[in-house]
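Coordinates in review
In case you want the letters, here they are:
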Amino acid sequence: MREFENPDRWDKAAEHYEQTAHPFTARFAEAALARVPLSEQSRVLDVATGTGALALAAARTGAQVLAVDFSPGMVARVTAAGLPNLDAEVMDGQALALPDAGFDAVFSIFGVIMFPDWRRGLAEMARVTRPGGHGVVATWQEQGAATFLLLGQIRRTLFPERESMAMPDGVKALGDPDAFARELVAAGFQMPRIERVVFDYELDVAMLDEPDTLFGMSPDWASLNAEDKAAVVAEARRMAGARPILPIPSTALIAVAER
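As a starting point, this report considers the structure included with it.

Cut-offs used in this document
Residues numbered from 1 in each chain as written. Predicted model: local features only at pLDDT ≥ 70, side-chain atom pairs only at ≥ 80, totals over all residues. Heavy atoms only, no water. Phe/Tyr/Trp six-rings, centres within 6.5 Å; stacked < 30°, edge-to-face > 60°. Helix = DSSP H or I, 4+ residues; strand = E, 2+ residues; numbered from the N terminus. Buried < 20%, exposed > 50% of the residue type's maximum accessible area, 1.4 Å probe, protein only. Core = buried A, V, L, I, M, F, W, Y, C linked by side-chain atoms within 4.5 Å. Contact = heavy atoms within 4.5 Å. Salt bridge = Lys/Arg side-chain N within 4 Å of Asp/Glu carboxyl O. Axes fitted to C-alpha atoms, helices over the stretch in contact; angles between N-to-C directions. Parallel < 35°, antiparallel > 145°, perpendicular 65-115°, else oblique. Nonpolar A, V, L, I, M, F, W, Y, C, P; charged D, E, K, R; others polar. Expected span 1.5 Å × (residues − 1). Arc of directions from axis to C-beta. Polar contact = N/O pair within 3.5 Å; in protein donor to acceptor, adjacent residues only side chain to side chain.

As for the packing of aromatic side chains
Under the definition given, this model contains 8 aromatic pairs. Geometrically, the ring pair formed by F28 and W140 is edge-to-face, given 5.2 Å between the ring centres and 85° between the ring planes. With a gap of 112 residues between them, F28 in helix α1 (residues 7-33) and W140 in strand β5 (residues 129-140) connect regions that are remote in the sequence. Across the pair, exposure class does not vary: F28 and W140 are buried alike. Aromatic pair F28 and F199: ring centres 4.9 Å apart, planes at 80°, arrangement edge-to-face. Note that F28 is positioned in helix α1 and F199 in strand β6 (residues 190-204), a separation of 171 residues in sequence. The class of F28 is buried, set by a relative accessible area of 0%.

The following block contains the structure:
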């Protein structure tokens with residue numbers, strides 16, 4: 001089992017994820033949400049919700065939202081929001097314990113792409129979407145995003161002979177828009193529309209004083225010794241120069257398809 005396939009890892013990472021990744025992924029979640037009309041009568045499912053960036057935004061529209069994730073720690077963060085129209089459950093997105101055609105819109109923002117069987121995850125999304133409803137999937141187009149992207153770049157500069165963490169198979173397969181569209185159709189969706197979306201992750205250089213908070217979720221960071229980690233931090237500071245904020249452009253593909 002690879003680390004990103006282990007719910008225990010995500011349980012332990014939930015607090016850091018909520019602090020560092022959630023505010024950034026929320027920008028992509030809101031971009032995805034803007035592409036699908038919702039009302040107070042809409043039934044919305046967020047698959048692999050993480051700390052609920054999409055689910056919380058969807059609930060603020062008044063829609064009835066169910067958020068699911070295989071990590072109890074992540075689900076607990078969503079439940080803690082206490083929104084009356086938002087439920088959260090521990091559930092495997094590759095085998096959703098939900099009836100067919102039960103939702104008007106089904107989202108997965110950087111979630112299903114991490115599954116060991118991501119094709120099954122897409123098919124499950126299609127299964128639980130009602131005819132005429134929408135499936136929305138976001139994936140990274142490059143080598144991840146934000147601090148993962150920065151760490152990979154620095155490692156290639158400082159340690160070019162070392163292999164970095166392999167991207168999940170779903171990320172590699174869906175990074176091409178044409179391939180992404182084909183896979184959505186194969187899963188049971190139709191007429192996919194795919195758009196490229198770029199946001200800057202704004203890294204507060206002061207946070208480099210606590211680099212484990214920034215990079216700790218990455219196996220590429222955990223594999224470094226203390227000297228190597230210090231070198232990574234020094235290189236990040238060099239890249240920032242005198243700027244208090246280091247922008248890291250991060251590219252995603254957002255696909256919207258009909259059922």
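Next comes the rest of the write-up.
Things to note about unusual backbone geometry
For A101, which is not glycine, the phi dihedral falls at a positive 55°. Structurally, A101 can be placed in the loop between β3 (86-90) and β4 (103-109). Looking at A101, the relative accessible area reads 32%, which means it is partly exposed. Positive phi, normally seen in glycine, also occurs at M191, with a value near 50°. Along the chain, M191 falls in strand β6. On the accessibility criterion, M191 (51% relative accessible area) is exposed.

Describing the nonpolar core
Ranked by internal contacts, the top residues of the largest apolar core, which has 82 residues, are L45 and W140. Counting residues per element, this core draws most heavily on strand β7 (residues 245-258), which supplies 8 residues. Once residues lying within four places of it in the same chain are set aside, the contact partners of L45 are L66, V68, L96, L98, F103, A105, V106, F107 and V128.

What about the environment of A58?
Positionally, A58 belongs in helix α2 (residues 53-60). C-alpha of A58 to C-alpha of V75: the two residues are 17 residues apart in sequence and 16 Å apart in space. Those residues in contact with A58, other than ones at most four positions away along the chain, are L33, L38, V44, A63 and V65.

Let's talk about the pattern of salt bridges
Counted according to the given criterion, the structure contains 13 salt bridges. The salt bridge involving D169 is made with K172; its shortest N-O contact spans 3.7 Å. Here D169 pairs with K172, and both are found in helix α6 (residues 169-174), just 3 residues apart, close to one helical turn. The class for D169 is partly exposed, based on a relative accessible area of 36%. Overall, the relative accessible area of 52% leaves K172 in the exposed class.

Some details on the environment of T147
Inspection of the secondary structure assignment puts T147 in helix α5 (residues 146-158). Remark: the alpha-carbon pair of T147 and L214, spanning 67 residues in sequence, is separated by 6.6 Å. Residues contacting T147, with those up to four places away along its chain left out, are Y201, L203, L214 and F215.

A look at the packing of α5 against helix α10 (residues 226-240)
The geometry of α5 relative to α10 is characterised by a closest axis approach of 10 Å and an angle of 105° between their N-to-C directions. The pairing of α5 with α10 is recorded here as roughly perpendicular in orientation. When α5 is examined against α10, the residues L150, L151, Q153, I154, T157 and L158 are found in contact with a partner set consisting of A231, V232, E235, A236 and M239. Tallied by class, the residues present in the contact of α5 with α10 amount to 8 nonpolar, 2 polar and 1 charged.

Some details on α10
Taking 1.5 Å per residue, 15 residues should reach 21 Å; α10 reaches 21 Å between its end C-alpha atoms and fits that length. Listed as buried for α10 are D228, V232, V233, E235, A236 and A240. Angular distribution of buried residues about the axis of α10 spans 160°; they occupy a single face of the element. For α10, the exposed residues lying more than 90 degrees away from the buried face are A226, E227 and R238. One side-chain oxygen at the N-terminal end of α10 lies 3.1 Å from the backbone nitrogen of E227; it belongs to N225.

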